[in-house]
Amino acid sequence: MRRRTSLAIAGLIVATTALRGEGGPARPSLGFAGEVPADVRALAAATWDRFTDAFSSRRACLAPVIVATAWSLDDRAGYERDGRVVTLRIPGTAPNLTATLIHEFAHHLEFTCPEHRSLRPAFLAAQGLDLHAPWRSGEAWSEIPSEQFAEAT
């Protein structure tokens with residue numbers, strides 16, 4: 001039930017943040033670090049396009065991001081805030097890599113787009129969390145609102 005709620009919330013957030021019709025700010029750039037394989041580049045570019053289309057009203061504040069790959073990484077991916085780098089563990093299936101990229105792009109949105117804060121109260125309320133709950137901490141990974149947001153996205 002919680003997963004359905006999260007998916008419904010994500011849809012609601014996307015629907016309320018998307019621009020109506022064509023236009024709006026240009027898509028922020030996506031770069032690649034090092035030796036990112038061509039198939040991963042194509043998948044990341046398509047995923048970035050989907051993500052920035054879904055959050056089109058946040059394009060003006062969303063910073064460019066870089067995707068890097070690693071053959072060995074403790075997690076499926078990670079986001080380096082200072083360098084604005086998503087590091088993706090490869091190999092992986094296209095659906096898993098896509099979901100992981102979207103999760104990390106959601107964290108990138110959180111850190112580079114101050115307007116993201118306007119989404120938080122509705123998200124916290126929809127998740128049944130205290131409106132003053134700390135956004136980036138919790139007793140378990142699954143209880144951290146920031147992680148719930150990234151997963152719902």
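Computed from a predicted structure; not experimentally measured.

Caption draft 1: Representation of the overall build of the protein chain. For the protein chain, the count of helices and strands is five helices and four strands. Looking at the protein chain residue by residue over its 153 residues, the buried ones come to 41%. Sequence separation of at least 24 residues holds for 58% of the intrachain contacts in the protein chain that already meet a minimum separation of 6. Accessible surface, the protein chain as shown: approximately 8400 Å² in total, 54% of it carbon and sulfur.

Caption draft 2: Structural view of the pattern of salt bridges. According to the stated counting rule, one finds three salt bridges in the structure shown. A salt bridge links Arg27 to Asp49; its shortest N-O distance comes to 3.2 Å. Remark: Asp49 occurs in helix 2 (residues 38-54) and Arg27 occurs in the loop between helix 1 (2-17) and strand 1 (30-32); sequence separation between them is 22 residues. Residue Arg27 is classed as partly exposed on the basis of its relative accessible area of 33%.

Caption draft 3: Up close: the sheet that holds strand 4 (residues 85-89). Strand order in the open sheet formed by four strands is 1-2-4-3, with mixed pairing between adjacent strands. The sheet terminates laterally at strand 1 and strand 3 (77-80), the two strands that pair on one side only. Strand-to-strand twist in this sheet, taken as the mean axis angle between neighbours without regard to direction, amounts to 25 degrees. The pairing of strand 3 with strand 4 spans four bridges and is classified as antiparallel. Within the sheet, the bridge partner assigned to Glu80 lies in strand 4 and is Val85. This element, helix 2, spans strand 1, strand 2 (65-70) and strand 4 of the sheet and lies at about 160 degrees to strand 1. Each of strand 1, strand 2, strand 3 and strand 4 is contacted by helix 3 (residues 94-112), which is oriented at about 20 degrees to strand 3, the strand it contacts most.

Caption draft 4: Representation of helix 5 (residues 145-152) within the structure. Helix 5 sits mainly inside the fold: seven of its eight residues count as buried. Along helix 5, the residues that are buried comprise Pro145, Ser146, Glu147, Gln148, Phe149, Ala150 and Ala152.

Caption draft 5: The arrangement of the pairing of strand 2 in detail. Strand direction decides the pairing type here: strand 1 and strand 2, joined by three bridges, are parallel. Paired with Phe32 across the two strands is Val67, which belongs to strand 2. Between the parallel elements strand 1 and strand 2, the chain passes through helix 2 in a crossover that is left-handed. Alignment of strand 2 against strand 4, held across five bridges, turns out to be parallel. Directly across from Ala70, in strand 4, lies its bridge partner Arg89.

What counts and what doesn't
- Residues numbered from 1 in each chain as written.
- Predicted model: local features only at pLDDT ≥ 70, side-chain atom pairs only at ≥ 80, totals over all residues.
- Heavy atoms only, no water.
- Helix = DSSP H or I, 4+ residues; strand = E, 2+ residues; numbered from the N terminus.
- Buried < 20%, exposed > 50% of the residue type's maximum accessible area, 1.4 Å probe, protein only.
- Contact = heavy atoms within 4.5 Å.
- Areas by Shrake-Rupley, 256 points an atom, 1.4 Å probe, with all protein chains shown as cover.
- Salt bridge = Lys/Arg side-chain N within 4 Å of Asp/Glu carboxyl O.
- Pairing = 2+ DSSP bridges.
- Axes fitted to C-alpha atoms, helices over the stretch in contact; angles between N-to-C directions.
- Right-handed = clockwise from strand over helix to strand, strands pointing away.

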